[in-house]
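Structure at a glance
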Amino acid sequence: MMERAILLLDMQSFYAMVEKRDRPELWHHPVVVAGDPEIRTGVILAACPEAKRWGVKTAETLRDAETKCPNLTVIRPRMQHYIDTAVEITSIMQQFTDLVEPYSIDETFADITHLTRGVHLPETIARRMQARIETATAVPVRIGIASTKVLAKMACDHFAKPDPIGIFHLYDEEVSRQLWPLPIGDMFGVGKRMNHHLRRIGIRTIGQLANYPLEELTRRWGINGEVLWRTAWGQDDAPVDPDTHVERKAIGHHMTLPRDYQTWEEIKVIIRELSEEVAARTRSERCIGTVIHASLHGHDHEGLPAGFHRQLTLEEATADGRTIADAALTLCARFWESTAVRSAGVTLSSLAPDDAKQLSLFHTFDEDREALNATTDKICERYGEGALFYAASLTRAGQARLRSQKIGGHYK
């Protein structure tokens, strides 16, 4: 079997570069896209290369960024515009291959193995794809090339991005020489907390993880330990699947809060809001689900990430916001350690079509709730997502009215 040729395309400073393309007078100026320029503690969503030269970083607060770069141009995000541009880029990639899989709004995988069976090298195809996208959209593109998706991702992140051409091929035989010397925190799948755990047992580079006893990793972290070990070796059998996001496996909402939420009363407000959003989307997809996921995250007193992500299985499938919220709050009450919360999430998974709902011998079908949900959906469809919300959303903790004006948590 011939070696696969997988590309990972990353759109450089995507939101910021789209804004600079639309406003050429800003092309040589430091520009950032921020969650809400009116809230000075809002975070940077994207920073152009000129802003990064001043030390501005994605995810830092707008206040910190403006301290580093006083002449910073701050632009409120236009999420629908970025989504439209991402769709355009995907369409260009599909002119080369049908095997295109969006990974995020600004990252996309492509399998070009079948195109390399002749005289074409993967680098040649990557350059053509890069040129066509940049000509059509004016958005700079970096491309990682490898035999697996996980290697293509790391090839892009660590080698293509700093490369002047923006294209890098990480060959299997070069993994030990080029990838293994990198710090363990640079490996895909290793966050701050896992980086901390790995360093505590003496693993400081990707190579040290690759050569660590697999049985010891699985003893400590189960299947996740094996996944980490396989990633260090570049092993990944996952195909580039254009239909990955067609059949929805879960529906969820996650948001970064505008400040630390310290009390249970504040947390309850945001969990109920997120649950209602999840329920409304689930009903719009004509689905029901049985597994509720809840997460709360912040930082502990040492500055390390703190929080949890837990799940609970319901006896009956649902698309009701109150049912989802009750389960999510049960998880939060059980696992929240009274630390400050800066982000929260609620997800419903194990989805099935809503016509697959089975009647239970032990629970009464709540026709009133079904009717109320149907009425609520009709009102919101006619007058907008912010037409109805809990009275608690009028408190300082509430975010429902602001979120109803946004896509993916950001302004449309």
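Residues numbered from 1 in each chain as written. Predicted model: local features only at pLDDT ≥ 70, side-chain atom pairs only at ≥ 80, totals over all residues. Heavy atoms only, no water.

Another point: the overall build of the chain. The number of helices and strands found in the chain is 15 helices and 14 strands. Within the chain, the proportion of its 412 residues that are buried is 46%. When contacts within the chain are restricted to residue pairs at least 6 apart in sequence, long-range pairs at least 24 apart make up 65% of them. For the chain, the computed accessible surface area is about 21,500 Å², with 52% contributed by carbon and sulfur atoms. (Helix = DSSP H or I, 4+ residues; strand = E, 2+ residues; numbered from the N terminus. Buried < 20%, exposed > 50% of the residue type's maximum accessible area, 1.4 Å probe, protein only. Contact = heavy atoms within 4.5 Å. Areas by Shrake-Rupley, 256 points an atom, 1.4 Å probe, with all protein chains shown as cover.)

With that out of the way, let us pick up the sheet that holds strand β1 (residues 6-11). Strand order in the open sheet formed by five strands is β5-β6-β1-β7-β8, and the pairing between neighbours is mixed. Pairing within the sheet leaves two strands with one partner each, and these edge strands are β5 (100-104) and β8 (167-169). Neighbour-to-neighbour, the strand axes of the sheet open up by a mean angle of 20 degrees, direction not taken into account. Across five bridges, β1 lies against strand β6 (residues 107-111) in antiparallel orientation. Across the sheet, D10 pairs through a bridge with E107, a residue of β6. Helix α4 (residues 79-93) contacts β1, β5 and β6 of the sheet and is inclined by roughly 10 degrees relative to β6. Here helix α6 (residues 149-160) sits on the sheet and contacts β1, β5, β6, β7 (141-146) and β8; the angle it forms with β7, its principal contact strand, is near 135 degrees. (Pairing = 2+ DSSP bridges. Axes fitted to C-alpha atoms, helices over the stretch in contact; angles between N-to-C directions.)

Moving on to unusual backbone geometry. The phi dihedral of A59 is positive, around 85 degrees, even though this residue is not glycine. Its location among the elements puts A59 in the loop between α2 (49-52) and α3 (62-68).

Side chains on a regular strand alternate between the two faces of the sheet. Two elements, strand β9 (residues 250-261) and strand β12 (residues 341-353), share eight bridges in a ladder whose sense is antiparallel. Paired with M255 across the strands is A344, a residue of β12.

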